[in-house]
Amino acid sequence: MFHTFTHLLKCSGLRPGEALRLRWKDVTIEDHKRWSETQGKEVSDYKATLIVKTSKTGKPRLVPCRSNLGEHLMKFLEFQKGEVTVSEDTLLFGSPEQLMEKTYSHRHLDNSWRDVISACQSSLSTSPFSDRPFTLYSLRSTFVMDCIYAGIDIYVTAQLCGHSVKVLETYYARYDIQKAAPKIQHIERGKRKGVSYKIQLIDNELHSRQHTE
């Protein structure tokens, strides 16, 4: 359940509270068939769309989700059917102990999140603009950044997230600059493409030793 919950947050940009209020009747999944060159045949490509009826701004919105969330939700539904009775009014992330009529508490989910972060902290790439710790809400920022990097219109991205373009420009426009950096800094030199390496400007061990002395 927690795996599906975090995947949905990353692929939809929903606030954690919005995701917890989702019921199966708020989910639409369509099979967009595509041709697979490797398999030499038409294969299924499931796309999920969520209806957020209650949001922070009070305005309902439609959210087409990124990635393979549709396929993931279908597998999660089959798993859920094997554990509890499921109807259109069943909460996606209901607690079986509460007969699926209530969700797990934010505290319970935050504890699970801390366990995940603790296990993979060394592999995480942090934002150059913030030193804040990763939280469940960080997955909303990840969604916005993914949309920006994919070149999705800023107005559409703001609509998906349920806030204004002004908010997007205030907090996320800097990532446009980060994305454009290779083009800005590029100088044509020869025909062969080189490999980029990050330069460590300060030797942390040397800097620490000098500071101590």
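The rules behind these values
- Residues numbered from 1 in each chain as written.
- Predicted model: local features only at pLDDT ≥ 70, side-chain atom pairs only at ≥ 80, totals over all residues.
- Heavy atoms only, no water.
- Helix = DSSP H or I, 4+ residues; strand = E, 2+ residues; numbered from the N terminus.
- Buried < 20%, exposed > 50% of the residue type's maximum accessible area, 1.4 Å probe, protein only.
- Axes fitted to C-alpha atoms, helices over the stretch in contact; angles between N-to-C directions.
- Parallel < 35°, antiparallel > 145°, perpendicular 65-115°, else oblique.
- Left-handed = near helix turned anticlockwise from the far one by under 90°.
- Contact = heavy atoms within 4.5 Å.
- Nonpolar A, V, L, I, M, F, W, Y, C, P; charged D, E, K, R; others polar.
- Expected span 1.5 Å × (residues − 1).
- Arc of directions from axis to C-beta.
- Core = buried A, V, L, I, M, F, W, Y, C linked by side-chain atoms within 4.5 Å.
- Pairing = 2+ DSSP bridges.

> I would appreciate a short explanation of unusual backbone geometry in the present structure.
If a residue is not glycine, its phi is most likely negative; likewise, a peptide bond is most likely trans. We note that Ser-67 has phi near 65 degrees; this positive angle belongs to a residue other than glycine. With respect to the helices, strands and loops of the structure, Ser-67 is situated in the loop between strand E5 (61–64) and helix H3 (69–81). In this structure, Leu-99 is a non-glycine residue whose phi angle is positive, near 55 degrees. Mapped onto the fold, Leu-99 is located in the loop between H3 and helix H4 (106–120). Residue Leu-99 is classed as exposed on the basis of its relative accessible area of 69%.

> Even after reading the chapter, I still don't get the packing of helix H5 (residues 138–149) against helix H6 (residues 154–161), so can you show me in this structure?
In helix packing, the relevant descriptors are the interaxial angle and the interaxial distance, both defined with respect to the helix axes. Close contact between H5 and H6 brings their axes to 10 Å; oriented N to C, the two are set at 160 degrees. Taken together, the axis directions place H5 and H6 in an arrangement best described as roughly antiparallel. The interaxial crossing formed by H5 with H6 has right-handed handedness. Where H5 approaches H6, its residues Arg-140, Phe-143, Val-144 and Cys-147 are matched on the opposing element by Thr-157, Leu-160 and Cys-161. In terms of residue class, the contact of H5 with H6 is made up of five nonpolar, one polar and one charged.

> How should I be thinking about H4 in this particular structure?
At 3.6 residues per turn, the α-helix brings residues three or four places apart onto the same side. Taking 1.5 Å per residue, 15 residues should reach 21 Å; H4 reaches 21 Å between its end C-alpha atoms and fits that length. Of all the residues in H4, the buried ones are Leu-109, Trp-113 and Ile-117. Projected down its long axis, H4 carries its buried residues within an arc of 75 degrees, all on one side. Residues of H4 that are exposed and point over 90 degrees away from its buried face: Arg-107, Arg-114, Asp-115, Ser-118 and Ala-119.

> Whenever I open this one, the nonpolar core confuses me. Can you help?
If you look at soluble globular proteins, the nonpolar side chains tend to sit buried side by side. Within the largest apolar cluster, 34 residues are counted, with the highest numbers of intra-cluster contacts made by Phe-5, Leu-8, Leu-14, Leu-92, Phe-93 and Leu-136. For this core, the elements supplying multiple residues, two or more each, are helix H1 (2–12), helix H2 (16–20), strand E4 (46–52), H3, H4, H5 and H6. If near-sequence neighbours (up to four positions away) are discounted, Phe-93 is found in contact with Met-1, Thr-4, Phe-5, Leu-8, Ala-19, Leu-20, Phe-76, Thr-103 and Tyr-104.

> Can you help me understand the sheet that holds E5 in this one?
Either a parallel or an antiparallel arrangement is found when strands of a sheet pair, and the pairing is made through backbone hydrogen bonds. The three strands lie next to each other as E1-E4-E5, forming an open sheet whose pairing is antiparallel. With partners counted over all chains shown, the strands left at the sheet margins are strand E1 (27–31) and E5, one partner each. If you compare each strand with its neighbour and ignore which way they point, the axes differ by 20 degrees on average.

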